[in-house]
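# A structural walkthrough
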Amino acid sequence: MSRQILITGATGFIGTALVQRLDTEGMAVRGTVRHQAPKDAPYPVIPVGDLHGDTPWRAALQDVDTIVHLAARTFVPKAPEAAPLSALRRVNVEATAALARQAARAGVRRFIYVSTIKVHGESTPPDRPFLEQDPLSPADAYARSKAEAEAALRSIARETGLETVILRPPLVHGPGMGGNLARLRRWVQRGVPLPLGAVTGNRRSLVGVDNLTDLILRCVDHPAAAHETFLVADGQDLSTADLLRAMGKAAGRPARLLPVPVPVLRATASLLGREEMARRVLDSLRVDASRVRRVLQWQPPVPLEQGLARAMQPGDP
């Protein structure tokens with residue numbers, strides 16, 4: 001049976017892949033934008049204005065069965081120290097809660113929220129991955145706002161019966177990926193020498209966008225997904241050096257890695273005030289996604305190597 005699915009953030013990295021996947025499954029998709037809808041969109045797109053606690057979602061929610069909420073603010077550039085959390089809360093917490101409340105009143109059945117593994121923290125010991133039941137320990141304003149949004153959704157679900165599904169992915173790779181992975185891709189593709197050849201003792205979990213969208217599709221209808229929170233990952237953890245080598249192999253251009261000792265990298269980062277960036281490259285962040293596989297009888301359909309090959313395709317910006 002065809003589902004009317006509303007996707008916020010439908011034109012973003014994950015949203016674009018999700019729309020394509022849902023279209024192949026014959027599902028009716030609707031998207032939202034803040035202001036003017038793109039003229040060439042192959043599916044209905046509803047302008048809702050800026051995202052905050054009073055965003056009017058009513059027109060977008062008509063006859064919607066399921067919402068996949070991807071729209072979020074990830075950072076606030078050049079803001080005073082106290083401002084980022086307030087600005088992030090406006091979009092990530094207040095707008096999310098408003099959407100969920102209006103969705104419940106409109107008769108929406110299920111609300112799938114893509115959060116982040118960062119609600120648990122920025123790193124793990126190499127031998128101890130994050131689990132769903134681990135305490136939340138968000139280390140920055142973005143992660144804190146996502147954790148608060150999760151709490152708001154659970155409260156609304158208890159009050160209204162709206163079925164919520166919360167997914168916590170680590171870094172997502174694939175065509176059109178951004179952030180740190182996009183920078184690493186550009187450096188590898190350009191043959192830039194990187195001082196990360198000795199970073200072999202850490203382990204990082206990733207998830208391919210094709211695997212994440214496949215899981216979202218499973219969560220649309222699976223009865224066991226209702227009111228659950230799941231961690232998600234490809235299932236193969238790599239050291240930073242191994243990740244770069246795998247990216248180089250996928251690009252057909254071997255990564256140029258210099259074996260600078262990890263203590264030297266940490267000391268240099270400290271002198272330059274780049275400790276946070278260093279942690280993301282040098283530390284481990286592992287995810288145990290066995291629970292979602294067990295509860296939803298789900299397996300990632302795309303192996304990590306194949307997903308990285310798609311992420312490194314020529315012509316991807």
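Preceding this paragraph is the structure being described.
Below is a short write-up of the structure. (Residues numbered from 1 in each chain as written. Predicted model: local features only at pLDDT ≥ 70, side-chain atom pairs only at ≥ 80, totals over all residues. Heavy atoms only, no water.)

### Remarks on the side chain of Asp 283
Inclusion rule: Only DSSP runs of H or I reaching four residues or more are called helices, and only runs of E reaching two or more are called strands; each is numbered from the N terminus. Should any heavy atoms of two residues lie within 4.5 Å, those residues are counted as being in contact.
Among the secondary structure elements, Asp 283 is positioned in the loop between α9 (275-282) and α10 (290-295). With residues up to four places along the chain from it excluded, the contact list for Asp 283 reads Ser 123, Asn 202, Arg 204, Arg 266 and Ala 278.

### Some words on the pattern of salt bridges
Side chains that carry opposite charge are capable of pairing whenever their charged atoms lie near each other. What counts here: For this document, the term salt bridge refers to a Lys or Arg side-chain nitrogen within 4 Å of an Asp or Glu carboxyl oxygen. Classification of residues uses two cut-offs on accessible area relative to the type maximum, computed with a 1.4 Å probe and protein chains only: under 20% is buried, over 50% is exposed, and between them is partly exposed.
Following the criterion strictly, the structure yields 23 salt bridges and no others. Close ionic contact of Arg 34 with Asp 50 constitutes a salt bridge, the shortest N to O distance being 3.6 Å. Of the two residues, Arg 34 sits in the loop between β2 (28-33) and β3 (45-47) while Asp 50 sits in the loop between β3 and α2 (58-61), which places them 16 residues apart along the sequence. Arg 34 sits in the exposed class, given a relative accessible area of 52%. Arg 154 is paired through a salt bridge with Glu 150; the nearest N and O atoms lie 3.1 Å apart. Of this pair, Arg 154 and Glu 150 both sit in helix α4 (residues 141-160), four residues apart, roughly one helical turn. Classification of Arg 154 by relative accessible area gives partly exposed; the value is 29%. Several salt bridges converge on common partners, so that one network encompasses Asp 65, Arg 109, Arg 110, Glu 163 and Asp 221.

Note that every value here comes from positions in space, so none of it alone points to a role or purpose.
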